Amino acid sequence: METSKIAAECGINIEIIFVGRSNVGKSSLLREIFGAKVRVGRRPGVTLRPRHAQESDLLITDMPGFGFMSGVKDRKQDIVKDQTIRYLEKNSERIKIGVLVIDGPVFPEVVDRWDARNQIPIDVEMFDFMRELGIDTIVAANKMDKVKADEYDYLLDEVSVRLGLEPPWQNWKHIIAPISAKKDDLKALKGLLRDRLHEMKRDDLFKYV
Ligand SMILES: Nc1nc2c(ncn2[C@@H]2O[C@H](COP(=O)(O)OP(=O)(O)OP(=O)(O)O)[C@@H](O)[C@H]2O)c(=O)[nH]1
């Protein structure tokens, strides 16, 4: 069934969407954050469709990762990107929060590699696009457990520069959430999600995040 139909039929008022490259740890993060409360199962096999979980009038959407996948012929990245753009455009009214998940430690390097080819990095493009659509967008910088304590702030400054946000990164703590899904350190992201829900006067949804 088409997603918009599901939403219309089930009275969705708030959608939170998760996007990111493959292998950034989006699945781990979703399992950690919603696992026990909201069932976000494993993506069965190779699928390019969004996955949804619904709790009350809250819809949580997990977009497929941008990236290459064995078994899917060429240009999965482009296909997923186009599909994500279409989905965001179509549902932008209802999507109140966007979470762009990045692999924090490698993000600056990945962005620079794209820049060197005169291409806009897909993550940065998505970040800008979601904001242009008026979607309140959080960047979850995952895998921060890999970063040494004395390099932590430097790395996050580099991340914010690549996102077009003037450092120091601490000025953007309402947007950048350093986390580690593996170590179950999701405080920063949960805090930002709750801040947004609180602003929407939806503290009743705190139990799901
Ligand atoms: N060190 C570290 N590794 C992590 C963290 N989160 C996830 N990983 C690892 O990163 C790899 C990818 O994690 P997934 O959760 O499968 O990533 P994904 O983004 O959902 O990937 P796709 O399914 O390809 O979209 C796995 O080996 C995880 O164990 C983290 O916070 N720290």
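Residues numbered from 1 in each chain as written. Predicted model: local features only at pLDDT ≥ 70, side-chain atom pairs only at ≥ 80, totals over all residues.

### Thoughts on the site of the ligand
- Taken together, 16 residues are adjacent to the ligand, and S22, G25, S27, G65 and K182 come closest.
- The dominant element in the shell around the ligand, judged by the number of residues it contributes, is helix α2 (residues 26-34), at three residues.
- Looking at the shell around the ligand residue by residue, the classes come out as two nonpolar, nine polar and five charged. (Near = placed C-beta within 6 Å. Helix = DSSP H or I, 4+ residues; strand = E, 2+ residues; numbered from the N terminus. Nonpolar A, V, L, I, M, F, W, Y, C, P; charged D, E, K, R; others polar.)

### Here we look at the environment of I122
- Residue position: I122 is located in helix α5 (residues 122-132).
- Put simply, I122 and V111 are eleven residues apart on the chain and 8.6 Å apart in space, counted from C-alpha to C-alpha.
- Not counting residues up to four positions away in its chain, the partners in contact with I122 are R21, F66, Q77 and K81. (Contact = placed C-beta atoms within 7 Å.)

### Regarding the packing of helix α4 (residues 107-116) against helix α6 (residues 152-162)
- The interhelical angle for the contact between α4 and α6, taken along N-to-C directions, is 35°, at an axis separation of 9 Å. For the element pair α4 and α6, the recorded crossing hand is left-handed. Facing F107, P108 and V111 of α4, the residues of α6 in contact are E158, V159 and R162.
- For the contact of α4 with α6, a count of residues per class yields four nonpolar, no polar and two charged. (Axes fitted to C-alpha atoms, helices over the stretch in contact; angles between N-to-C directions. Left-handed = near helix turned anticlockwise from the far one by under 90°.)

### Overview of unusual backbone geometry
- Residue P168 is bonded to the preceding P167 through a cis peptide linkage, with omega at 10°.
- With respect to the helices and strands, P168 occurs in the loop between α6 and β6 (176-178).
- Positive phi, normally seen in glycine, also occurs at N23, with a value near 75°.
- Topologically, N23 is positioned in the loop between β1 (14-20) and α2.
- Residue K201 is not a glycine yet carries a positive backbone phi of 60°.
- Tracing the chain through its elements places K201 in the segment after α7 (187-199).
- On the neighbour-count criterion, K201 (7 C-beta atoms within 10 Å) is exposed. (Buried ≥ 20, exposed ≤ 12 C-beta atoms within 10 Å, placed from the backbone.)

### What about the sheet that holds strand β5 (residues 136-142)?
- Spatially, six strands are ordered β2-β3-β1-β4-β5-β6 in an open sheet, and the strand pairing comes out mixed. Strand pairing shows two members of the sheet lacking a second neighbour, β2 (51-55) and β6, which therefore form its edges. Sheet twist, expressed as the average angle between the axes of neighbouring strands with direction ignored, equals 20°.
- Here β5 runs beside β6; their pairing, made up of three bridges, is parallel. Each bridged residue has a counterpart across the sheet, and for A140 the counterpart in β6 is A177.
- Strand contacts of α5: β1, β4 (95-103) and β5, with the helix running at about 165° to β4, the strand carrying the most contacts. (Pairing = 2+ DSSP bridges.)

### Here's the deal with the confidence of the model for the chain
- With 86% of its residues at a pLDDT of at least 70, the chain reaches an overall mean of 88.
- Both scores are given for the predicted complex: the pTM is 0.91, the ipTM 0.96. (pLDDT = per-residue confidence, 0-100.)

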